[in-house]
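Observations on the model geometry
Single-letter residue listing:
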Amino acid sequence: MRDPILLTPGPLTTSLATKTAMLHDYGSWDADFNRLTASVCQQLLAIIDPADDEFVCVPLQGSGTFAVEAAIGSLLPKDGKLLVLVNGAYGKRMAQLTQMMGRACAVLDAGETEAIDTEQLRSYLAAHPEISHVGVIYVETSTGILNPLQQIADIVHASGRRLIIDAMSAFGALPLNSRSLRFDAVIASSNKCLEGVPGMGFVLARRSALMEAEGNSHSLSLDLHQQWTYMQRTGQWRYTPPTHVVAALASALEQYQQAGAQAGRLARYQQLCDHLLQGLQRLGLRSFLPAEIQAPIIVTVHAPAHPHWNFQQFYALVKQRGYILYPGKLTEVESFRIGCIGAIQAADLDGALAAIADALAQMGIPQEQ
Ligand SMILES: *Cc1c(COP(=O)(O)O)cnc(C)c1O
């Protein structure tokens, strides 16, 4: 039986080639595996196009949050203070993990329906000289909001602060070039727009910032400086590597290059997202975000305003037809989400839209016009 199509932004549907790449066992000390890791790191760095030696890639075992926690714990000095720009669950999570490791942290909260306000950021930084670093979420996956990264980076740089970007659900698809954008670190993972399988994150860090990070970390396993120096010395991961995940990512990156790299991926996701939005509109379902701030990654949809609405039942009916949706993450509004990333095509979205129409009919929910 065919696996259901995952319309969830990670884990997501992977290609057969990516799955097949995992049918090998590698030893963690083995030269073939070390070459694979080095090649993956080099390709990840090439995506941000750094000038010679300016950035380094530090891969890390675990899900994306582990890499965010490692980046903050390693790059924020113990006497530093992080300002987190929050407009959804992932911004809140960055602030929470910073507080939990006992570092100073402030939050600029823009609610959950709007992009980060850059003028507010500018005046906050002017009024708060104690802020040393700023953390931002490129695409806030809890809704799909696209934040104005270039303006934010320009303001942070002009004010002499350092920028840490959680680009988890944007990396590889949305533009992110270290020659035009000033930042100290970008954090992402294997299982989003690069279309690998889950199990590793990575931090692309400015070399000078990572060199200054020695001794900052509160954690043994999440210390990026240690992870990197060990890998430099031995060519190996510190502690057991996710060998199959690395092999799958190496294959996914090969497919990524063949499909036109970042520009190719963005074009495909934009088409998928437009196709999805049009289909939803035909069904009388309303998307939550205005078009100007809708990233082509995940679409938040208002739940039908009908007494029969029940997400659990809706989810189960759509799943029976072969598609996995995502619950909403909004605190005030009843919603659900549909991802438009992964090894999927417009025909898969058509199938999902038909399944959604059937499920609503079965639940006795008429299409709103
Ligand atoms: C997916 C994601 C993360 C990491 O989530 P994990 O569940 O730990 O992989 C962090 N930030 C953003 C913006 C994300 O989309």
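All of these numbers come straight from a predicted model, not from anything done at the bench.

About the thresholds
- Residues numbered from 1 in each chain as written.
- Predicted model: local features only at pLDDT ≥ 70, side-chain atom pairs only at ≥ 80, totals over all residues.
- Heavy atoms only, no water.
- Phe/Tyr/Trp six-rings, centres within 6.5 Å; stacked < 30°, edge-to-face > 60°.
- Helix = DSSP H or I, 4+ residues; strand = E, 2+ residues; numbered from the N terminus.
- UniProt positions renumbered as here; feature names shortened; annotations may be inferred.
- 1 Å grid on protein atoms, 1.4 Å probe; cavity = no way out; pocket = protein on both sides within 12 Å on 5 of 7 lines; lining within 4 Å.
- Points joined across faces, edges and corners; volume = space filled by probe spheres on them.
- Nonpolar A, V, L, I, M, F, W, Y, C, P; charged D, E, K, R; others polar.
- Domains from an automatic or database assignment.
- Contact = heavy atoms within 4.5 Å.
- Buried area = accessible area lost by both parts, 1.4 Å probe.
- Salt bridge = Lys/Arg side-chain N within 4 Å of Asp/Glu carboxyl O.
- Buried < 20%, exposed > 50% of the residue type's maximum accessible area, 1.4 Å probe, protein only.
- Pairing = 2+ DSSP bridges.

Moving on: the packing of aromatic side chains. Applying the stated criterion across every chain yields a total of seven aromatic pairs. Seen from their ring centres, Phe55 and Phe183 are 5.1 Å apart, and the 50° between their planes marks the pair as tilted. Separated by 128 residues along the polypeptide, Phe55 in strand E2 (residues 55-61) and Phe183 in the loop between strand E8 (162-166) and strand E9 (185-189) bring together distant segments of the chain. Each member of the aromatic cluster is reached from another via a ring pair, and the members are Trp309, Phe314 and Phe336.

Next up on the list: the UniProt feature "domain: Aminotransferase class V" (unreviewed entry) in the protein chain. Residues annotated in UniProt with the feature "domain: Aminotransferase class V" (unreviewed entry) correspond here to residues 61-307. Annotated as residues 61-307, this span is 40% helix and 18% strand, and its ends, taken at the C-alpha atoms, are 44 Å apart.

Turning our attention to the layout of surface pockets. Of the pockets and cavities examined, the largest pocket occupies roughly 380 Å³. Forming the walls of the largest pocket are 19 residues, and the residues nearest its centre are Cys41, Gln42, Leu45, Cys57 and Gln232. Listing elements by their share of the lining of the largest pocket, those giving two or more residues are helix H2 (31-48), E2 and helix H8 (224-234). A per-class count over the lining of the largest pocket returns ten nonpolar, five polar and four charged. There is about 330 Å³ of room inside the second largest pocket. Along the walls of the second largest pocket sit 24 residues, with Gly64, Thr65, Tyr90, Arg93 and Lys192 positioned nearest its centre.

To continue, consider the domain arrangement of the protein chain. Domain parsing of the protein chain yields domain 1 (5-9 + 260-362) and domain 2 (16-258). If you average the C-alpha positions of domain 1 and of domain 2, the two centres end up 27 Å apart. Across the boundary between the two partners, domain 1 contributes 25 residues, which contact 27 residues of domain 2. Roughly 2100 Å² is buried in total at the junction of domain 1 and domain 2, and carbon and sulfur atoms are behind 57% of that figure. It is Arg265, Ile293 and Lys329 that lose the most area in domain 1 upon contact with domain 2, and together they represent 26% of the buried surface on that side. Inspection of the region where domain 1 meets domain 2 yields two salt bridges.

With respect to the element layout, His302 can be found in strand E11 (residues 298-302). A relative accessible area of 16% means that His302 is categorised as buried. In contact with His302, other than residues within four places in its own chain, are Leu285, Arg286, Ser287, Phe288, Val333, Glu334 and Phe336.

The subject of this paragraph is unusual backbone geometry. Of the consecutive residues Gly10 and Pro11, the connecting peptide bond is found in the cis state with omega at -5°. Here Pro11 shows up in the loop between strand E1 (5-6) and helix H1 (16-20). A positive phi angle, near 55°, is found at Asp49, a position not held by glycine. Relative to the helices and strands, Asp49 resides in the loop between H2 and E2. Given the relative accessible area of 31%, Asp49 is considered partly exposed. At Glu195, a position not held by glycine, the phi torsion is positive, near 65°. A relative accessible area of 7% means that Glu195 is categorised as buried.

Read across the open sheet, the three strands follow the order E11-E14-E13; overall the sheet is antiparallel. Edge positions in the open sheet fall to E11 and strand E13 (326-327), since each of these has one partner strand only. Looking at chain direction, E11 and strand E14 (residues 335-339) are connected through five bridges and run antiparallel. Looking across to E14, one finds that Val301 is bridged to Phe336.

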